[in-house]
There are 2 protein chains.
Amino acid sequence: MDAPTERTRVKRMNKRGKYDADTVHGILDATPICNVGYVFDGAPYVTPTLQWREGDHLFWHGSSASRMLEACENAEVCVTVSIIDGFVMARSAYNHSCNYRSVMVFGTARKLTDPAEKEARLKAFTDGLWPGRWDMLRKMTAQELKATTVLALALDEASAKVRTGPPGDDEADYALPIWAGVIPVRQQILAPVDDPRLLPGVTPPRHITDFSFG
Amino acid sequence: MDAPTERTRVKRMNKRGKYDADTVHGILDATPICNVGYVFDGAPYVTPTLQWREGDHLFWHGSSASRMLEACENAEVCVTVSIIDGFVMARSAYNHSCNYRSVMVFGTARKLTDPAEKEARLKAFTDGLWPGRWDMLRKMTAQELKATTVLALALDEASAKVRTGPPGDDEADYALPIWAGVIPVRQQILAPVDDPRLLPGVTPPRHITDFSFG
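This structure is a prediction, so every number in the text was calculated from the model and none was measured.

Conventions used here
The residue count restarts for each chain, going from 1 along the sequence in the order it is written. Written order decides the labels, with chains lettered from A and ligands numbered from 1. The predicted nature of this model means local features are confined to residues of pLDDT at least 70 and side-chain atom pairs, given and counted, to a pLDDT of 80 or more, with totals for whole chains, interfaces and linings taken over all residues. Buried means a residue has 20 or more other C-beta atoms within 10 Å of its own C-beta, exposed means 12 or fewer, and partly exposed covers the counts in between; C-beta atoms are placed from the backbone. Counting from the N terminus, the helices are the DSSP runs of H or I reaching at least four residues and the strands are the DSSP runs of E reaching at least two. Of all possible arcs, the one meant is that of the directions from the helix axis to the C-beta atoms. Two residues qualify as a contact pair if the distance between their C-beta atoms, derived from the backbone, is within 7 Å. Side-chain classes follow a simple rule in which Ala, Val, Leu, Ile, Met, Phe, Trp, Tyr, Cys and Pro form the nonpolar group, Asp, Glu, Lys and Arg form the charged group, and the remainder, Gly included, forms the polar group. Pairing between two strands requires that DSSP report at least two bridges joining them. The term nonpolar core means buried Ala, Val, Leu, Ile, Met, Phe, Trp, Tyr and Cys residues held together as one set by C-beta atoms within 7 Å.

Residues and elements named next belong to chain B. Among all positions of helix H1 (residues 21–30), only Val24, Ile27 and Leu28 are buried. For H1, the arc enclosing every buried residue in end-on projection is 100°, short of the 170-degree limit, so these residues lie on one face. Looking at the buried positions of H1, the neighbouring elements they touch are strand S3 (43–54), strand S4 (57–63), strand S5 (76–89), strand S6 (97–108) and strand S9 (157–163).

The subject of this paragraph is the interface of chain B and chain A. In this complex, chain B contributes 69 residues to the contact, which on the side of chain A involves 70 residues. Within the residue set of the side of chain B that touches chain A, elements represented by two or more residues are strand S2 (33–40), S3, S5, helix H3 (115–129), helix H4 (133–136), strand S10 (181–189) and strand S11 (193–194) of chain B. Here the side of chain B that touches chain A is built from residues that sort into 44 nonpolar, 13 polar and twelve charged. Strand direction decides the pairing type here: strand S10 (residues 181–189) of chain A and S10(B), joined by five bridges, are antiparallel. The residue bridging Gln187(A) from the neighbouring strand is Gln187(B), located in S10(B).

Bringing the nonpolar core into the picture now. In this structure, Val103(A), Val105(A), Val103(B) and Val105(B) are the most contacted members of the largest nonpolar core, which totals 100 residues. When sequence neighbours within four positions are dropped, the list of residues in contact with Val103(B) reads Val24(B), Ile27(B), Leu28(B), Thr80(B), Val81(B), Ala158(B) and Ala160(B).

The next subject is the pairing of S2(B). Residue and element names in this part refer to chain B. Counting buried positions along S2 gives six out of eight residues, so the element sits mostly inside the fold. In terms of strand pairing, S2 meets S3 through eight bridges, oriented antiparallel. Bridging across to S3, Val36 finds its partner in Thr47. Turn length for the S2-S3 hairpin, with the two strands adjacent in sequence and antiparallel, is two residues, and the turn residue Asp41 shows positive phi of about 55°. Pairing geometry for S2 and S5, over three bridges, is antiparallel. Each residue of the ladder has a partner; that of Asn35, found in S5, is Thr80.

Structure representation (structure tokens):
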């Protein structure tokens, strides 16, 4: 991870800005959910998708027919991952806030062209979330691989922003009898639901029953 | 809500595209969390923030010093709300998917200039999430209002995309003894945590203890 550039330097709330690789990697690894920003005909687009990290690169994928992936190829993108950890309830409206962990990555997205590399990345994505699943699945066909685009983005230009803890109220406001604190939120994973066409006797493997983020 | 324009027409997975106002409003009202896309110096930026809806407009706010809000004012933006409802686990890697509800709104963001209107919108935002909270708080000052920017975006150009249900596997793959189904996920709200400096005897009001999205 390089030193902050003009656009990765956190401008607002500077004390919340973090640039070290451990923080950035930790947030990227904590959830696959991301939003990809790109420009098409001069206008901004934001598309939610799933990302994964290997080393100092972030990846996302989709159908080769996707106009998002097409617009991102060899183009400037911004991939944002944000995890909301709580609503910060202060004694004034102004001091309300959120606890969160977020990462913004800027750079030029590159399309993987080598089929073997594409497949290796897709396996890492699948097994990263559900260890061992790839080898349990019906094998990916050459046609499916061709119909799938994988984009890579170096983590050279990335920044994290984190807020934790209780509200920061104006000193005078602490004397007011107003409830203040944090309402924590988190992504909850519920019990898996069998496909209605599941063959009799097939039970969910450990990577399904033990699934968690990060 | 107008008929789909070129950029709101859902291209991929057309059967997942929905344009009716009830669907769009329902998703926007189901979570305040959104990602705002904008262009600055020709490059895309995606910033997570909170949105709220009143009628056929969506709003978001922040510090008047925010470079995101400054870049969005009178500019083309894309505001995306996405709620992930589950991971769709198929019998082949290719047919894995997500269940989700998402909305993309395109348009030009306008800054509210009338202080009374700004305050009314901020009250609606606060009370929309936590009914009655605004009037319990220390009153907002003129200085705080001045330091807060509220942006508005018409919902004229919006589209929703929704996926629900079990995996759609290749017909031949249903004969394979591979576990398939859905791992549901949802945003969970946990018990509120008192501020360490809370005055003795102050307990959380109903809008805190009963807090839920949507």
